Each structure stands twice: as C-alpha cells, then as structure tokens.
Amino acid sequence: MLQHKSAYWALKNKGFSGLVVHLTTRILGDAHFLRPASSIDFKALKMEQFISLQEMISSLLPHVDNNEIRSKLVESEEFLNSLEAQDSASLEFPDRWNSGRHLQLLLFAFIRLARPEIVVETGTANGASANAIAGALKKNNFGKLITFDIEKSGAPLVSDDLRSWIDFVQTDGS
C-alpha cells in the first residue's frame, strides 16, 4: 500500500530523518518541491530536481535568455519586498494556506516572462499567490487572473491597485 507514496520513498531512501523532513514539509505546507530536502518526491515521480528558481524557469522557458530570467527574479524580489506585511490575526484563512515566498517569486517571474493572457488559480485563500500573479500582470500591462475558491475570500493580501487584474470566483466545489 505505501509503496507508491512519497513518504515511503523518503523513509526507504533517506531513513528516518528523510521521513521527518518530508512529513514536516507536507504538514506545514512549505513549498517543499523547491528544496533539496524533499528531492525524494522528484525521484519517486521521475521528475527533475532544481537547485534554483532560475534553473526551474529556464527549463520551463528554454527560449528565454538566462540574463532575462535573472532580471525578472530580481524584479520579483523587489515586488515582494515592497509589499506591506499583513498581521496574521487579520487574515481570513490560516497563514499556512498562503503560498510560500519561493512560489510567489516563481509565479511573478514566470508571468513576467511568459506573458499569458489568462491565468487560472484554484484556492484563493488569503490571496498571497494571487497578489504575486496580479503584480506581474500589472507590470506586463496585460492579462487576467481568474481565481477560484470554495470559500468566500476577500483576499486580504491582494493590494487594492491589483484587484482590477483579478476575477474572484466562489464555487461550490462541484
């Protein structure tokens, strides 16, 4: 039964410490796929592990120059650093539901480089990833994010100047 589960692979290949790291990242909701500690998931699924966000974006967008990718990652960092920190007491959902910083950096840079017309997100929650996506869409001056959630979300992390780039949709989950 456990043979096809990533926790089994973590235990088998990295021992007890690998299992603990794997379960911790799963439970706490960390962007575990960006950290070498859970490379076991990639081995089990025959996927590639990436050392850096730049390497990941480069593999997704092989036609884009590495200097351009670096530039967009710096821009991503500047954007996220410019955001006001939100008091977790004012959030609508547990803050562990928010996307992690690495994922936000990745989303912002990827959207800047790929310039999609439509981005679809499932699970708005507090709007951490929606904020990064909308920030990139605004910087591109192009595109729209449609974000779905089964719960009513005010997306408190999305700044007022970015809301026009987003369509919030509440769904019944069906």
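The shown structure was predicted, so the numbers you read here are calculated from the model rather than taken from an experiment.

(A) Fine view of the overall build of the protein chain. Across its full length, the protein chain carries 6 helices and 3 strands. Listed by position from the N terminus, the elements making up the protein chain come as α-α-α-α-α-β-α-β-β. Of all 174 residues assigned to the protein chain, the portion counted as buried reaches 39%. Nonlocal contacts in the protein chain, meaning residues at least 24 apart in sequence, comprise 60% of its contacts between residues at least 6 apart.

(B) How the structure looks around the sheet that holds strand β2 (residues 144–149). If you trace the 3 strands from one edge of the open sheet to the other, you get β1-β2-β3, paired in parallel fashion. What marks the edges here is a single partner per strand, and that holds for β1 (118–122) and β3 (166–170). Going across the sheet, the axis of each strand differs from the next one's by a mean of 15°, ignoring polarity.

(C) Region of interest: a nonpolar patch on the surface. Taken together, Leu11, Phe16 and Val20 make up a surface patch of nonpolar side chains, about 300 Å² in accessible area. Structurally, Leu11 is set in helix α1 (residues 6–28). Judged by its relative accessible area of 41%, Leu11 is partly exposed.

(D) Layout of the pattern of salt bridges. Going through the model one piece at a time under the given rule, you end up with 6 salt bridges. Between Arg101 and Glu77 there is a salt bridge; the shortest N-O distance is 2.6 Å. Of this pair, Arg101 sits in helix α5 (residues 101–114) while Glu77 sits in helix α4 (residues 66–82), placing them 24 residues apart in sequence. Asp160 serves as the salt-bridge partner of Arg163, at 3.8 Å between the closest nitrogen and oxygen.

(E) Geometry of the environment of Lys152. Looking at where Lys152 falls in the secondary structure, it is placed in the loop between β2 and β3. Classification of Lys152 as exposed rests on a relative accessible area of 64%. Sequence spacing of Lys152 and Thr124 is 28 residues, and the spatial spacing of their C-alpha atoms is 9.0 Å.

Reading the values: rules and limits
Residues numbered from 1 in each chain as written. Predicted model: local features only at pLDDT ≥ 70, side-chain atom pairs only at ≥ 80, totals over all residues. Heavy atoms only, no water. Helix = DSSP H or I, 4+ residues; strand = E, 2+ residues; numbered from the N terminus. Buried < 20%, exposed > 50% of the residue type's maximum accessible area, 1.4 Å probe, protein only. Contact = heavy atoms within 4.5 Å. Pairing = 2+ DSSP bridges. Axes fitted to C-alpha atoms, helices over the stretch in contact; angles between N-to-C directions. Patch = residues over 30% accessible without salt bridge, like charges linked within 9 Å, V, L, I, M, F, W, Y side chains within 5 Å. Areas by Shrake-Rupley, 256 points an atom, 1.4 Å probe, with all protein chains shown as cover. Salt bridge = Lys/Arg side-chain N within 4 Å of Asp/Glu carboxyl O.

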